[in-house]
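Single-letter residue listing:
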Amino acid sequence: MSIIIISADDRAAEGQIGGRTAEILGYGRLGPELLQEIAAKYGVEEGKLAEALEREPSLLRGMPPKKWYYYLSCIEAEVLERLAADKMVCWSLAAHLYVLGISHALRVRIISDIEQRAAALAEENGISLQRAQKILAKQQRQRVQWCQTAYGQDETDPALYDLVINLGQIDPDEAAATIAKAVGYRKFEPMTYSRKCLANLLLAAKVKTRLLETMSDIHVQSRDGRVVVTTKALKRDKQKKTLAIKELAGSVEGVDFVEVHINNDIFSEAAQSLR
Amino acid sequence: MSERLDILLLDDEPIVGKRLKPALEKIGCRVEVFENPVEAMARLEKKKFDIVVTDIRMDEMDGLQVLERVLDKWPETKVIMITGYAMMALARESMEKGAFDFIAKPFRPDDLRRVIAKAAKALGSPIDFTPAGRA
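Attention here is on the structure that accompanies the text. (Residues numbered from 1 in each chain as written. Chains lettered and ligands numbered in written order. Predicted model: local features only at pLDDT ≥ 70, side-chain atom pairs only at ≥ 80, totals over all residues. Heavy atoms only, no water.)

1. Overview of the sheet that holds strand 2 (residues 28-30) of chain A
Residues and elements named next belong to chain A.
For step 1, the next point in the chain: Reading across the sheet, the 5 strands line up as 2-3-1-4-5 and stay open at both edges, with parallel pairing between neighbours. Pairing within the sheet leaves two strands with one partner each, and these edge strands are strand 2 and strand 5 (163-166). When the angles between neighbouring strand axes are averaged without regard to direction, this sheet yields 20°.
For step 2, the next point in the chain: Bridge count for strand 1 (residues 3-8) against strand 3 (residues 88-91) is 4 bridges, and the pairing is parallel. Opposite Ile-6, over in strand 3, you have Trp-91 as the bridge partner.
For step 3, the next point in the chain: Contacting strand 1, strand 2, strand 3 and strand 4 (105-111), helix 1 (residues 11-25) crosses the sheet at an angle of about 160° to strand 1. (Pairing = 2+ DSSP bridges. Helix = DSSP H or I, 4+ residues; strand = E, 2+ residues; numbered from the N terminus. Axes fitted to C-alpha atoms, helices over the stretch in contact; angles between N-to-C directions. Contact = heavy atoms within 4.5 Å.)

Here is the structure:
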């Protein structure tokens with residue numbers, strides 16, 4: 001059975017269609033409710049996880065980049081863990097930005113009529129239509145920036161998806177029925193290759209999360225238990241950091257071999273040489 | 001279908017057949033190995049195999065053509081694609097055209113044996129397969 005990942009420019013529509021699709025297919029639901037479980041598991045605040053999914057890091061708001069990346073990594077690892085079980089519909093957890101190259105993942109983008117959304121927002125908050133339009137345009141800009149900073153992706157790019165549905169033309173129930181039908185196409189069936197790709201993403205996310213607990217600027221790739229970690233360090237700290245990474249990454253279940261690539265942290269070295 | 005599974009293994013790299021033939025015979029399969037897709041297709045014209053394992057990128061005929069021709073002639077045969085050039089689009093195309101499974105090279109003999117066991121079950125002729133662990 002396959003997995004479905006839904007992304008929308010309207011959070012409410014995302015949840016409504018995600019939930020309805022899961023109901024039609026009898027699949028599990030993977031939505032923002034998962035954050036509570038993740039918060040408990042990692043001993044972090046649920047509100048901080050939700051904030052990390054919505055906003056970029058900011059020292060003023062008490063969300064330094066190091067923490068921000070760690071929170072996102074916790075979410076990613078837990079979402080991937082659950083997706084590996086198959087038969088899941090996932091939304092509002094940014095999975096469309098990190099579940100890439102998985103052939104049995106049907107990726108859906110839901111777009112809504114911006115004018116309708118602005119009218120609804122204006123009515124709901126007793127503001128002018130023009131003001132509502134400005135608010136939505138600002139939210140959209142911030143979202144594009146967030147996607148870029150967090151995952152280097154543009155979520156509004158239709159090429160990222162297998163199916164794009166316009167709620168201006170198709171109602172939510174019909175959208176859910178369309179998604180449920182599309183996932184039945186044989187090309188979205190899981191296979192040994194796609195399951196392995198997902199397992200590789202999961203292992204990389206687990207290792208990244210373990211390392212980001214104490215380190216920053218960590219990139220991880222994995223294949224069949226072999227893990228490659230890339231990071232930066234001062235020349236004099238290279239050996240120490242390599243050993244620390246090997247020990248931490250090696251302690252993650254499923255890791256057989258760890259390769260570490262350390263690039264020179266030229267900015268820190270330049271700063272040190274000026275002292 | 002006879003008691004033992006008949007498998008046709010097609011890969012233009014001789015090492016693949018050399019390595020996988022004994023691995024599959026260990027679980028009780030009868031295996032014929034081909035390095036040339038044209039010769040493999042000639043054999044398939046004469047004999048029905050339960051399972052065909054084929055590489056995708058080959059000269060003369062690619063694995064997707066093999067898949068289509070096998071399923072045309074023997075719709076019940078399970079075709080397993082193996083490739084060193086695995087990509088999502090190719091994987092999806094293979095599944096859409098009727099492949100039973102798709103495996104990226106390099107893989108362990110147990111990975112293929114596991115898929116063969118799954119195919120045997122789907123054919124209604126389950127075989128005993130216990131993973132031997134990592135090679």
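On we go from here.
2. Considerations on the interface of chain B and chain A
For step 1, the next point in the chain: The interface of chain B with chain A comprises 20 residues on the first partner and 17 residues on the second.
For step 2, the next point in the chain: Carbon and sulfur atoms supply 51% of the area that chain B and chain A bury against each other, a total of about 1500 Å² over both sides.
For step 3, the next point in the chain: Here chain B and chain A share 3 salt bridges between them.
For step 4, the next point in the chain: In this assembly, chain B and chain A are joined by 9 residue pairs in polar contact (both at pLDDT 80 or more).
For step 5, the next point in the chain: Of all the elements in the fold, those that place two or more residues in the side of chain B that touches chain A are helix 4 (88-96), strand 5 (101-104) and helix 5 (109-122) of chain B.
For step 6, the next point in the chain: Here the side of chain B that touches chain A gets 5 residues from one element, more than from any other, and that element is helix 4 of chain B.
For step 7, the next point in the chain: Tallied by class, the residues present in the side of chain B that touches chain A amount to 12 nonpolar, 1 polar and 7 charged. (Buried area = accessible area lost by both parts, 1.4 Å probe. Salt bridge = Lys/Arg side-chain N within 4 Å of Asp/Glu carboxyl O. Polar contact = N/O pair within 3.5 Å; in protein donor to acceptor, adjacent residues only side chain to side chain. Nonpolar A, V, L, I, M, F, W, Y, C, P; charged D, E, K, R; others polar.)

3. A look at the pairing of strand 6 (residues 219-223) of chain A
Residues and elements named next belong to chain A.
For step 1, the next point in the chain: Every second residue of strand 6 is oriented toward a common face, the buried set being Val-220 and Ser-222 and the non-buried set His-219, Gln-221 and Arg-223.
For step 2, the next point in the chain: Of the strand pairs in this sheet, strand 6 and strand 7 (residues 226-233) are connected by 5 bridges, and their pairing is antiparallel. Note that in strand 7 the partner of Ser-222 across the bridge is Val-227.
For step 3, the next point in the chain: Once strand 6 ends, the chain turns through 2 residues before running back antiparallel as strand 7, passing Asp-224 with a positive phi of about 45°. (Buried < 20%, exposed > 50% of the residue type's maximum accessible area, 1.4 Å probe, protein only.)

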